[in-house]
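Spelled out from the first residue to the last, the chains are:
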There are 2 protein chains.
Amino acid sequence: MHEEALAGATERADRILDAAAELLVRHGYRKVTVEDVAARARIGKGTVYLHWRTKRQLFEALALREAVVLAEELVAALRADPATLLPHRLLTTSYLVVMRRPVLRALTTEDAPELQPSGLDRELRSQELLVVERLFDLMAKRGLFRADVPNLRYAMTASTAGYFLLDRIDPTSAELDVQEKADALAYTVRHAFEPAEPPDRETLAAVADEAIAVMEELLPPYLARIYTYDRKQRTP
Amino acid sequence: MHEEALAGATERADRILDAAAELLVRHGYRKVTVEDVAARARIGKGTVYLHWRTKRQLFEALALREAVVLAEELVAALRADPATLLPHRLLTTSYLVVMRRPVLRALTTEDAPELQPSGLDRELRSQELLVVERLFDLMAKRGLFRADVPNLRYAMTASTAGYFLLDRIDPTSAELDVQEKADALAYTVRHAFEPAEPPDRETLAAVADEAIAVMEELLPPYLARIYTYDRKQRTP
DNA sequence: TGTTGACCAGTCTTCGAATTTGGTCAACTA
DNA sequence: TAGTTGACCAAATTCGAAGACTGGTCAACA
């Protein structure tokens, strides 16, 4: 790929990722072959390997692209209304985005251990963890969480996980529609972890800006990871 | 088995179930053979089939026996202190019992689809569901839950499930010890679903009695199912 | 009457062959 | 010459049949 074609290159990368996405939701990680993806993107198999070193990195790139979309949606929502930063709103927004995007849904629903974040290299992973950590700290410090929650991180994760995972286990939960579940989630988070009085408008706006900044810090390395050929990294 | 030996019979059933329990926690449902269980109980394999029609029913009996223990522990706790009926206390008590009893822990942790409640026959299952339903209604009606929770059942299930399932998925959560997790669970349920003011002592005691009655209704059919040979039922 | 283990049919495991697939690279094209 | 490709290879996966195992039965036994 020569300089001039770089734009076209990430364009092609996107086409490949589109193909991978389509096939992933239809057949699941295991049953999708690199050749299928290449064929669907109307390119040769070798060309796929000009973008990523392994099948796994290809699908990790797909997962990252979806993560970026999620982050961008959150940022957009925060810009439109800083009150989106309230934990229950942030959570339900995320929940709805995940459940409405087939790929994200497949990634959380289908347990493809190959695609779990553990597959990512340490730098990026720790960066991501750091962001979550920083967001939590930021929000906690600015009074978006009640101060006395024991093991806040764990409590949030555990209380929230069920909403994402339950349909996998208990078919009963399929009866409710996504919006109802989102409402239940919102209610739970709101009452379990938020203070009675939300912060006033100004601080909310200020913290939202900080949060946006933190999240946007994450995007460049993610984008780099998606579209830049990585000569070293080779997740084994 | 003649009349006189009936006591001895359930005694033997218990010995078999003990053997099954031991082997279940060690090797998991799949790897345990009926012959192993019989050998460990120092009886012939055929004898196992004098108690239950299938391997599956044997292990369902084991699961039921554990459920009975759980119910009894709850009843005991309720008798000792009616305030145990407060949702956050009821939940954490259950959680701690489950996590501290290897068999219950294995049954919830290890996903042996054969042992999921779905395996039980409709009558008993619906009876069990009915009990949960009735407990929920009872508690809701008497003010143990806040009145405005949307989809209370689902919200409770989803918010709670993560605490039982998370270690399976996210090894990070293994860092906290059981008591800390139980505390987090208690906090969450307490704030998410309970009213600011708990019911007064008297009504609490009264409702606890009702709850005990409801739960104890469940025990006889369970016990029957565990120890009575069932000539018809044959879960396919 | 109560117990058992030999026995049977169906299932699961094994393991080597055959096929598929991830990944490479020499040849090809524009 | 930069960029692309599909034939090619080794490794992994699937397939299939032989064999082993296990759930469940029941005639024989205690």
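Residues numbered from 1 in each chain as written. Chains lettered and ligands numbered in written order. Predicted model: local features only at pLDDT ≥ 70, side-chain atom pairs only at ≥ 80, totals over all residues. Heavy atoms only, no water.

### Some words on the domain arrangement of chain A
Residues and elements named next belong to chain A. Looking at the assigned domains, one finds that chain A contains domain 1 (1-51) and domain 2 (66-227). Of the residues lining the interface, nine residues belong to domain 1; the matching set on domain 2 comes to ten residues. Both faces considered, domain 1 and domain 2 share a buried interface measuring about 760 Å² in area, 76% of it formed by carbon and sulfur atoms. Three residues, Leu-24, Val-25 and Tyr-29, lead the burial of domain 1 against domain 2; their summed loss comes to 55% of the area buried on that side. Viewed at the interface, domain 2 and domain 1 are joined by zero salt bridges. Counting every contact that joins domain 1 to domain 2 gives one residue pair in polar contact (both at pLDDT 80 or more). (Domains from an automatic or database assignment. Contact = heavy atoms within 4.5 Å. Buried area = accessible area lost by both parts, 1.4 Å probe. Salt bridge = Lys/Arg side-chain N within 4 Å of Asp/Glu carboxyl O. Polar contact = N/O pair within 3.5 Å; in protein donor to acceptor, adjacent residues only side chain to side chain.)

### Concerning the side chain of A:Glu66
Residues and elements named next belong to chain A. Turning to its location among the elements, Glu-66 is positioned in helix H4 (residues 55-80). On the basis of relative accessible area, Glu-66 is assigned to the buried category, the value being 3%. In contact with Glu-66, not counting residues within four places along its chain, are Arg-101, Val-103 and Leu-104. (Helix = DSSP H or I, 4+ residues; strand = E, 2+ residues; numbered from the N terminus. Buried < 20%, exposed > 50% of the residue type's maximum accessible area, 1.4 Å probe, protein only.)

### Brief notes about the packing of helix H4 (residues 55-80) of chain B against helix H6 (residues 102-109) of chain B
Residue and element names in this part refer to chain B. Where H4 meets H6, the axes come as close as 10 Å, and the angle between the chain directions of the two elements is 115 degrees. Where H4 crosses over H6, the two elements pack in a sense that is left-handed. Contacts from Leu-62, Ala-63, Glu-66 and Leu-70 of H4 reach H6 at Val-103, Leu-104 and Leu-107. Within the contact of H4 with H6, the residues separate by chemical class into six nonpolar, no polar and one charged. (Axes fitted to C-alpha atoms, helices over the stretch in contact; angles between N-to-C directions. Left-handed = near helix turned anticlockwise from the far one by under 90°. Nonpolar A, V, L, I, M, F, W, Y, C, P; charged D, E, K, R; others polar.)

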